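Survey of secondary and tertiary structure
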Amino acid sequence: MTRRILVVTHEGRPEAVRAADRVCEGLQSRGIDVVRDGSAEGAELAMVLGGDGTILRAAEVAREHDVPLLGINLGHVGFLAEAEPEALPDVMDRAVAKDYHVEERMTIDVVATAPDGSQQHGWAINEAAVEKGERARMVEATIGVDGRGLSSFGCDGIVLATPTGSTAYAFSGGGPVVWPDVEALLVVPIAAHALFARPMVVGPRSVLEVEIMPYEDKNAVVWCDGRRRMDVVAGTRITVCRGAQPVRLARLTEVPFSGRLVAKFNLPVQGWRGVRTRP
């Protein structure tokens, strides 16, 4: 049976294109059928060369076929990536040998129901961000959890995130960092004009709602992972719940999430358990 690996790259970065060329040649020389920037159907793995944005793009095609993603970081932070470009030969060997384990990351399903009953559907691995439709005007919204309203305010936006997304937009908005194996949903208001608009963490079975106030002609935009856009009108209710289908990530090491935080954010850990790294 022919083995197939999907290779996805950031075509706008020359170094990513060159790396993808090497990966394709290397995999083919090892007897692997390679599909470049195409469908994930029939693939056992998707190797992604780029930053987190490229990995999010690859997730769009890999998720529906339940194909795990193996990211090689050619971006800035690369929180979802598993390896750096200098490790490419080893990464290819381990991909061919299937020497990796797969972890599942929860997603969210998003439904935007307009006042006329029409619906738009989306999903995200990081977050659904409800944002103002016009730069000069706030979005007026009510937030609720499990069918009960909690608060109303004007704001620049509201981020509804997964634990994976807690280190993305939600983090920039002042939300907490949540370990990816914690099953939870986050609500993070952005620049809210209110006394109570704190970030919240709720259970994985909760249903989050954001309703755009109907009494003003203020439209809004819902971005799923910053890639898939839904334009919504006043009076629209945006509902977010745990996604029916996760995204699968291929991992090469057992490094704990705390180690990933330290490495990606270059956190100072001098003095941990008495270890001195400076005179």
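This structure is a prediction, so every number in the text was calculated from the model and none was measured. (Residues numbered from 1 in each chain as written. Predicted model: local features only at pLDDT ≥ 70, side-chain atom pairs only at ≥ 80, totals over all residues. Heavy atoms only, no water.)

As for the side chain of S151
Its place among the elements puts S151 in strand 10 (residues 148-155). Not counting residues within four places of it along the chain, the set of residues in contact with S151 comprises A141, T142, I143 and F196. (Helix = DSSP H or I, 4+ residues; strand = E, 2+ residues; numbered from the N terminus. Contact = heavy atoms within 4.5 Å.)

Quick notes on the UniProt feature "active site" (unreviewed entry) in the protein chain
Under the feature "active site" (unreviewed entry), the UniProt entry names D52. Positionally, D52 belongs in helix 2 (residues 52-62). Setting aside residues up to four positions removed in sequence, D52 forms contacts with G78, F79, L80 and A81. (UniProt positions renumbered as here; feature names shortened; annotations may be inferred.)

Describing the pairing of strand 11 (residues 157-161)
Among the five residues that make up strand 11, five are buried, leaving the element largely enclosed by the rest of the structure. Alternating residues of strand 11 divide into G157, V159 and A161 and I158 and L160, and every residue in both groups is buried. Of the pairings in the sheet, the one linking strand 8 (residues 127-132) to strand 11 comprises five bridges and is antiparallel in character. By the bridge assignment for strand 11, E127 is matched with A161. With five bridges connecting them, strand 11 and strand 12 (residues 185-190) associate as antiparallel partners. (Buried < 20%, exposed > 50% of the residue type's maximum accessible area, 1.4 Å probe, protein only. Pairing = 2+ DSSP bridges.)

Details of the packing of aromatic side chains
Working definition: an aromatic ring pair is given by the centre-to-centre distance plus the angle between the planes. Counted according to the given criterion, the structure contains four aromatic pairs. Their ring planes at 15 degrees and their centres at 5.1 Å tell us that F171 and F265 sit as a pair that is stacked. With F171 in helix 4 (residues 169-172) and F265 in helix 5 (residues 257-265), this residue pair connects regions lying 94 residues apart in the sequence. Among the residues examined, F171 registers a relative accessible area of 36% and is labelled partly exposed. Sitting over the ring of W123, R228 keeps its end group 4.5 Å from the ring centre. (Phe/Tyr/Trp six-rings, centres within 6.5 Å; stacked < 30°, edge-to-face > 60°. Lys NZ or Arg CZ within 6 Å of the ring centre and 35° of its normal.)

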